[in-house]
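What follows is the residue order along each chain.
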Amino acid sequence: MSTPTKILILGAGGFIGANLTSRLLREGRHEVTALDIENDKLAGDLGDSRLTFLQRDISVRDESLEALVQDHDLVIDLVAMANPSLYISRPLDVFHLNFTENLRIVDYCVRHRKRIIQFSTCEVYGRTIAGVLGKPPEELPFPFEEDSSPLIMGPVKNHRWIYACAKQLLERVLHAHGLENGLNYTIIRPFNFIGPRIDYLPSEKAGNPRVFSHFMNALLYGTPMKLVDGGRNYRAYTHIDDAVEGIVRIIDNPGNTCDREIFNLGTPENETTIRGLAERMISLFDEHFRIPGDPVPEIIEVSSEEFYGSGYEDCDRRIPDVSKARKLLGWTSTHDLDSVLYHTMEYFVERHRSQAG
Ligand code: NAD
Ligand code: UGA
């Protein structure tokens, strides 16, 4: 087993990065350099002597980023704008960060012959066959498989796809570098990870985060739970601890089985419509967390145009085929949907109540 000792995590201050950094420090097998423009999600780990945290922007042009890559055994690149509202409001920034800036990191890895684990997305699969045929996704379930499924994007005027296209192009460049320059890469396509430290609540910080935070906000602050286009689309949720276990196995790379491979990490059993997600979160909150005086959120329907602006188009269903991760890594999720939701809600409830005193 090739066990890297010095790991550079770019985007370590984000949801996945912070959870991964904590796990690696807990294990104590690696020296970790964590880089991000933000560090609040790393607060619990910043005092750890095995961690070097660098508050840096990867788009600043100087030589230090290349020197950092050169100085580490493995680069894990998580830097991205990963929030659908930004694909609509800032498509060029999304392209520049998620492709152009990340490409520089890839180039440094090629130049210095470093292994890279690149975070891509399940969004590269795009739309389902059912969606393209104008059928409801229930009629034609279509699990996405890493090396055989087509990648189907919507029209250019629906600029939501710029995120998926940027990520897909980066994947294709990595693959080409593997072929032509011997680059050792592994691509991870996460399928809707959630858990403690995801995003932020919109009542506490301006912005439009991913759906869990909106629904959690509704439970804690009484804002409406908005079902975009009726909440009919599906997502399959994975607990961040399961996800991190999969990532750690990819880092460990048993028998070099992850070299030049793409892995879906997801939990097909944890599929729900977004309406189902809203209803499940309300029941779980009522059962485990509600205290007298907590607001009761109203569920309302809004159009995607109203919620995001024009240029939005949704992924109707994303069923991960995880047989490769199971076969090559022995990885499988252990948390069911209720457990994923319970742990994530618990994190936000505790934070909210401790802030409220
Ligand atoms: P996140 O937004 O929490 O993390 C991204 C991090 O990148 C943030 O901490 C941000 O501060 C940092 N960053 C942004 N611009 C930067 C810059 N210029 N320089 C340095 N750091 C910068 O997102 P996440 O959910 O942790 O996702 C991590 C990666 O995984 C992303 O590449 C995302 O596209 C991908 N991904 C995540 C999921 C998921 O389920 N969470 C699903 C699919 C893909
Ligand atoms: C996310 C993001 O693109 C990335 O973080 C990542 O690549 C990927 O998917 C992932 O996490 O695997 P998406 O799942 O569409 O995309 O993001 P959410 O904002 O969580 O939206 C999920 C669904 O809920 C969408 O159908 C959206 O329209 C809906 N939604 C969102 C609501 O109904 N109400 C809301 O308040 C917010």
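Residues numbered from 1 in each chain as written. Chains lettered and ligands numbered in written order. Predicted model: local features only at pLDDT ≥ 70, side-chain atom pairs only at ≥ 80, totals over all residues. Heavy atoms only, no water.

Draft legend 1. Representation of the site of ligand 1. In the vicinity of ligand 1 lie 24 residues, with Asp36, Asp57, Tyr163, Lys167 and Phe193 positioned nearest. Within the side chain of arginine 210, one N or O atom sits 2.9 Å away from an oxygen atom of ligand 1. In isolation ligand 1 exposes 820 Å². Once the protein is present, 90% of that is buried. Of all elements in the fold, only helix H1 (15-27) and helix H6 (161-181) reach the threshold of two or more residues within the shell around ligand 1. Residue composition of the shell around ligand 1, grouped by class: 13 nonpolar, six polar and five charged. (Near = heavy atom within 4 Å. Polar contact = N/O pair within 3.5 Å; in protein donor to acceptor, adjacent residues only side chain to side chain. Areas by Shrake-Rupley, 256 points an atom, 1.4 Å probe, with all protein chains shown as cover. Helix = DSSP H or I, 4+ residues; strand = E, 2+ residues; numbered from the N terminus. Nonpolar A, V, L, I, M, F, W, Y, C, P; charged D, E, K, R; others polar.)

Draft legend 2. Examining the site of ligand 2 more closely. Of all residues adjacent to ligand 2, which total 25 residues, the nearest are Tyr87, Thr121, Glu123, Asn192 and Asp314. In this structure, proline 190 approaches ligand 2 through a main-chain N or O atom, which is 3.5 Å from an oxygen atom. Lysine 226 places a polar main-chain atom, nitrogen or oxygen, 2.7 Å from a nitrogen atom of ligand 2. In the complex, 96% of the free accessible area of ligand 2, which totals 710 Å², lies under the protein chains. Of all elements in the fold, only helix H3 (84-89), helix H7 (211-221), strand E8 (225-228) and helix H10 (304-308) reach the threshold of two or more residues within the shell around ligand 2. Its residues assigned to classes, the shell around ligand 2 shows 15 nonpolar, three polar and seven charged.

Draft legend 3. Focus on the side chain of asparagine 98. Tracing the sequence through the fold places asparagine 98 in helix H4 (residues 91-111). Within polar-contact distance, the side chain of asparagine 98 engages the backbone nitrogen of methionine 81 at 2.9 Å.

Draft legend 4. Region of the structure containing the nonpolar core. Counting residues in each nonpolar core, the largest one holds 60 residues, and the members touching the most others are Ile76, Met216 and Met345. Beyond its immediate chain neighbours, meaning those up to four positions away, isoleucine 76 contacts Ile7, Leu8, Ile9, Leu10, Leu20, Ile117, Phe119 and Ile251. (Core = buried A, V, L, I, M, F, W, Y, C linked by side-chain atoms within 4.5 Å. Buried < 20%, exposed > 50% of the residue type's maximum accessible area, 1.4 Å probe, protein only. Contact = heavy atoms within 4.5 Å.)

Draft legend 5. Here's a closer look at the sheet that holds strand E1 (residues 6-10). Reading across the sheet, the seven strands line up as E3-E2-E1-E4-E5-E6-E11 and stay open at both edges, with parallel pairing between neighbours. In the strand order of this sheet, the two ends are held by strand E3 (51-55) and strand E11 (261-265), each with one partner. Strand-to-strand, the axes of this sheet are offset by a mean angle of 15°, without reference to chain direction. Here strand E4 (residues 74-77) runs beside strand E5 (residues 115-119); their pairing, made up of four bridges, is parallel. In the sheet register, aspartate 77 faces E5, and the bridge partner there is glutamine 118. (Pairing = 2+ DSSP bridges. Axes fitted to C-alpha atoms, helices over the stretch in contact; angles between N-to-C directions.)

Draft legend 6. Region of the structure containing the packing of H4 against H6. At their nearest, the axes of H4 and H6 sit 9 Å apart, and the two run at 15° to each other. Regarding the angle of H4 to H6, the classification is roughly parallel. The hand of the H4/H6 crossing is right-handed. On H6, the residues that touch Pro91, Val94, Phe95, Asn98, Phe99, Asn102, Leu103, Val106, Asp107 and Val110 of H4 are Ile162, Tyr163, Ala166, Lys167, Leu169, Leu170, Val173, Leu174, His177 and Asn181. By residue class, the composition of the contact of H4 with H6 is 14 nonpolar, four polar and two charged. (Parallel < 35°, antiparallel > 145°, perpendicular 65-115°, else oblique. Left-handed = near helix turned anticlockwise from the far one by under 90°.)

Draft legend 7. Layout of the pattern of salt bridges. Counting across every chain of the model gives 27 salt bridges. One salt bridge connects glutamate 313 with arginine 127, and the closest N-O pair in it is separated by 3.9 Å. One end of the pair, glutamate 313, is in the loop between H10 and helix H11 (323-329); the other, arginine 127, is in the loop between E5 and helix H5 (129-132), with 186 residues separating them in the sequence. Here the salt bridges do not stand alone but share partners, grouping Arg23, Glu27, Arg29, Glu245, Arg249 and Asp252 into one network. (Salt bridge = Lys/Arg side-chain N within 4 Å of Asp/Glu carboxyl O.)

Draft legend 8. Local environment of the packing of H7 against helix H12 (residues 337-356). Close contact between H7 and H12 brings their axes to 11 Å; oriented N to C, the two are set at 50°. Relative to H12, the element H7 is oriented oblique. Of the two possible hands of crossing, H7 and H12 adopt the one that is right-handed. Residue-level inspection shows Phe212, Met216, Leu219, Leu220 and Tyr221 of H7 in contact with H12, the latter providing Leu341, Thr344, Met345, Phe348, Val349 and His352. For the contact of H7 with H12, the class distribution of residues is nine nonpolar, two polar and no charged.

Draft legend 9. Representation of helix H9 (residues 274-288) within the structure. Here H9 contains 15 residues, and its C-alpha end-to-end distance of 21 Å stays within 8% of the 21 Å for a straight helix at 1.5 Å per residue. Within the span of H9, buried status applies to Ile274, Gly276, Leu277, Ala278, Met281, Ile282, Leu284 and Phe285. Summarising the contacts, the buried residues of H9 are in contact with H7, E8, strand E9 (234-236), strand E12 (271-273), strand E13 (299-302) and H12. (Expected span 1.5 Å × (residues − 1).)

Draft legend 10. Quick peek at the side chain of glutamate 123. Looking at the element boundaries, glutamate 123 is found in the loop between E5 and H5. Relative accessible area serves as the criterion here: at 4%, glutamate 123 is assigned to the buried category. At a separation of 2.9 Å, a polar atom in the side chain of glutamate 123 contacts the side chain of arginine 318. Beyond its immediate sequence surroundings of up to four residues, glutamate 123 is in contact with Tyr87, Met153, Arg160, Trp161, Tyr163, Ala164, Cys315 and Arg318.

Draft legend 11. Structural context of H12. Its 20 residues place the ends of H12 28 Å apart at the C-alpha level, agreeing with the 28 Å of an ideal helix rising 1.5 Å per residue. Within H12 the residues assigned to the buried category are Leu337, Ser339, Val340, Leu341, Thr344, Met345, Phe348, Val349 and His352. Remark: glycine 357 follows H12 within two positions and exhibits a positive phi of approximately 80°.

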